[in-house]
Amino acid sequence: MSIGYVYDSIYLKHDTGGHVENPQRLSETMDVLTKAGLLEQLINIPARPATEEELLKVHTASHIQNVKNSATSGGGWLDGDTVTSPQSFEAALYAAGGLLNALDWVMERKVDSAFALVRPPGHHAIGNCAMGFCLFNNVAVAAKQAIDKYKLDRVLIVDFDVHHGNGTQDSFYNEHRVLYFSNHLSPYYPGTGSVEQTGRGAGLGYTLNVPMPAHCGDAEYLKVFDEVLLPAARAYKPQLILVSAGYDAHWADHLAFMNVSTAGFAQITRRLLTMASDLCDGKLLFVLEGGYNVDALAQSIRATFDVLLGKKNINDPIGPAPENGNTPDITNLIEQITKTHQLM
Ligand SMILES: [Zn+2]
């Protein structure tokens, strides 16, 4: 197994001050990967800035200019949640471009799979504005590149961040060459992602939302992966799987109310790895989205790499979610989605 990763110190220069989406998320992750001896088992894929032409596949010229102006004029708030600092524009270009390099390495089989450890994150950013800590929609830019450069017709995006990736959904709502799957906490930010949102026109049926109630843990997540994602992926026959990997569904993450453990994220990764090797010659590319408890984030990313590297025993120093006795029953939800999308 050759597994790549993208990381560049420019990602720490998107300085958000005391914000929950801060450079410590990545610096702690790199510390944990280094101490676990993982970096020497992984292949470093260099980052690069995305070009304006590449960003224009998803974003308007005025949005790109707005982010640039905000950063170069010293930084400031783009919305109530999303802030820039002087080097944020450059960091955001490298976040999207780092993922594009990783896409090349996966498509050209220089690595089996890869994980782009980038920030700022991307899945809330829509065509004409920044939103929810996200400046440019990294995964959407990569999916467009996969279609244009590698002539793919079927790209599966799996978004397990605890929030719905409204920007990604929006980018491909009319598009059948991308199947967008998201399981997320609902009701919650950003308010989109209902079962009924299934796409439009040529994209009808190619948006698959699983809005989950609070307190879902490993068992519920794996049930959704096994009973919704897997049959949908088998029917779609993706040529590439992109993963919007947010770890804010971890039980120790205080930004949301889910109960997934580090060991649970490892099992999710195992499902994705099997799916990719069965359906698309193992072409699997992760990009970091959320995850705001830095210990839980770093350990969960470490566990993700351990699985990608083929390790059998996955260490979970954070432990299982505390018992709270109110595990939700998602049987009806899964039935509803199965019926809506005619999954078997
Ligand atoms: Zn999130």
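Residues numbered from 1 in each chain as written. Predicted model: local features only at pLDDT ≥ 70, side-chain atom pairs only at ≥ 80, totals over all residues.

1. Quick word on the overall build of the protein
Item 1. Across its full length, the protein carries 10 helices and 10 strands.
Item 2. Over its C-alpha trace the protein gives a radius of gyration of 18 Å, about what one expects of a compact globule, namely 20 Å for 344 residues.
Item 3. Summarising its shape, the C-alpha atoms of the protein cover approximately 50 × 50 × 40 Å along the three principal directions.
Item 4. Considering the protein as a whole, with its 344 residues, one finds that 53% of them fall into the buried category.
Item 5. Across the protein, every contact between residues at least 6 apart in sequence was considered, and the portion connecting residues at least 24 apart equals 76%. (Helix = DSSP H or I, 4+ residues; strand = E, 2+ residues; numbered from the N terminus. Rg over C-alpha atoms; globule rule 2.2 N^0.38 Å. Buried ≥ 20, exposed ≤ 12 C-beta atoms within 10 Å, placed from the backbone. Contact = placed C-beta atoms within 7 Å.)

2. Quick word on the nonpolar core
Item 1. Ranked by size, the top nonpolar core spans 110 residues in total, and within it Val 6, Leu 99, Ala 114 and Ala 116 carry the most contacts.
Item 2. Here this core takes 13 residues from helix α4 (residues 88-107), the largest share from any one element. (Core = buried A, V, L, I, M, F, W, Y, C linked by C-beta atoms within 7 Å.)

3. With respect to the sheet that holds strand β2 (residues 43-45)
Item 1. Ordered by their spatial adjacency, eight strands build an open sheet running β2-β1-β5-β10-β9-β6-β7-β8, and the pairing between neighbours is parallel. A single partner strand is all that each edge strand has here, and the edge strands are β2 and β8 (207-212). With strand direction ignored, the average angle separating the axes of adjacent strands in the sheet is 15°.
Item 2. Note: strand β1 (residues 3-6) against β2, three bridges, orientation parallel. Looking at the pairing, Tyr 5 lines up with Asn 44 of β2. (Pairing = 2+ DSSP bridges. Axes fitted to C-alpha atoms, helices over the stretch in contact; angles between N-to-C directions.)

4. Focus: the packing of helix α3 (residues 61-72) against α4
Item 1. Relative to each other, α3 and α4 sit at 135°, their axes nearing to 8 Å. Here α3 lies oblique to α4, going by the angle between them. Side by side, α3 and α4 meet where Val 67, Lys 68, Ala 71 and Thr 72 of the first sit next to Ser 88, Phe 89 and Ala 92 of the second.
Item 2. Of the residues that constitute the contact of α3 with α4, the class distribution is four nonpolar, two polar and one charged. (Parallel < 35°, antiparallel > 145°, perpendicular 65-115°, else oblique. Nonpolar A, V, L, I, M, F, W, Y, C, P; charged D, E, K, R; others polar.)

5. Points about the environment of Arg 302
Item 1. Here Arg 302 shows up in helix α9 (residues 294-308).
Item 2. The buried category is assigned to Arg 302, around which 22 C-beta atoms lie within 10 Å.
Item 3. Note: C-alpha distance between Arg 302 and Ala 214 (88 residues apart in sequence) is 25 Å.
Item 4. What Arg 302 contacts, discounting residues up to four positions off in sequence, is Val 32, Leu 33, Ala 36 and Leu 38.

6. Some points on the environment of Leu 99
Item 1. Position of Leu 99 relative to the elements: it lies in helix α4.
Item 2. What makes Leu 99 buried here is the crowd of 28 C-beta atoms within 10 Å.
Item 3. In the structure, Leu 99 is positioned 40 residues away from Val 139 in sequence and 7.7 Å away in space, judged by C-alpha atoms.
Item 4. Setting aside chain neighbours within four positions, we find Leu 99 in contact with Val 6, Ala 116, Val 118, Asn 138, Ala 142 and Val 287.

7. Regarding the pairing of strand β10 (residues 284-288)
Item 1. Within β10, five of the five residues are buried, which leaves it mostly tucked inside the rest of the structure.
Item 2. The two faces of β10 match: Leu 284, Phe 286 and Leu 288 on one face and Leu 285 and Val 287 on the other face are all buried.
Item 3. As judged from the four bridges shared by strand β5 (residues 113-116) and β10, these two strands associate in the parallel manner. Its bridge partner lying in β10, Phe 115 is registered against Phe 286.
Item 4. Bridge count for strand β9 (residues 240-245) against β10 is five bridges, and the pairing is parallel. Bridging from a neighbouring strand, Leu 242 pairs with Leu 285 of β10.
Item 5. Regarding topology, helix α8 (residues 262-279) serves as the crossover connection from β9 to the parallel β10, and that connection is right-handed. (Right-handed = clockwise from strand over helix to strand, strands pointing away.)

8. Topic: the environment of Ser 113
Item 1. Among the structural elements, Ser 113 can be located in strand β5.
Item 2. By C-beta crowding, Ser 113 is classed as buried, having 25 other C-beta atoms within 10 Å.
Item 3. Distance from Ser 113 to Lys 283, taken between C-alpha atoms, is 6.0 Å for residues 170 residues apart in sequence.
Item 4. Setting aside anything within four residues of it in sequence, one finds Ser 113 in contact with Ile 3, Val 106, Ala 276, Gly 282, Leu 284, Leu 285 and Leu 308.

9. Focus on unusual backbone geometry
Item 1. At the junction of Ser 186 and Pro 187, the peptide bond is cis and its omega measures out at -5° in the coordinates.
Item 2. Positionally, Pro 187 belongs in the loop between β7 (178-185) and β8.
Item 3. Omega for the peptide link from Tyr 189 to Pro 190 comes to 0°, which places this bond in the cis form.
Item 4. Within the fold, Pro 190 resides in the loop between β7 and β8.
Item 5. Backbone geometry at Arg 109 places phi at a positive 60°, although glycine is not the residue there.
Item 6. Here Arg 109 lies in the loop between α4 and β5.
Item 7. Backbone geometry places Gln 342, a non-glycine residue, at a positive phi of 50°.

Functional significance is not addressed by these values, which are geometric in nature.
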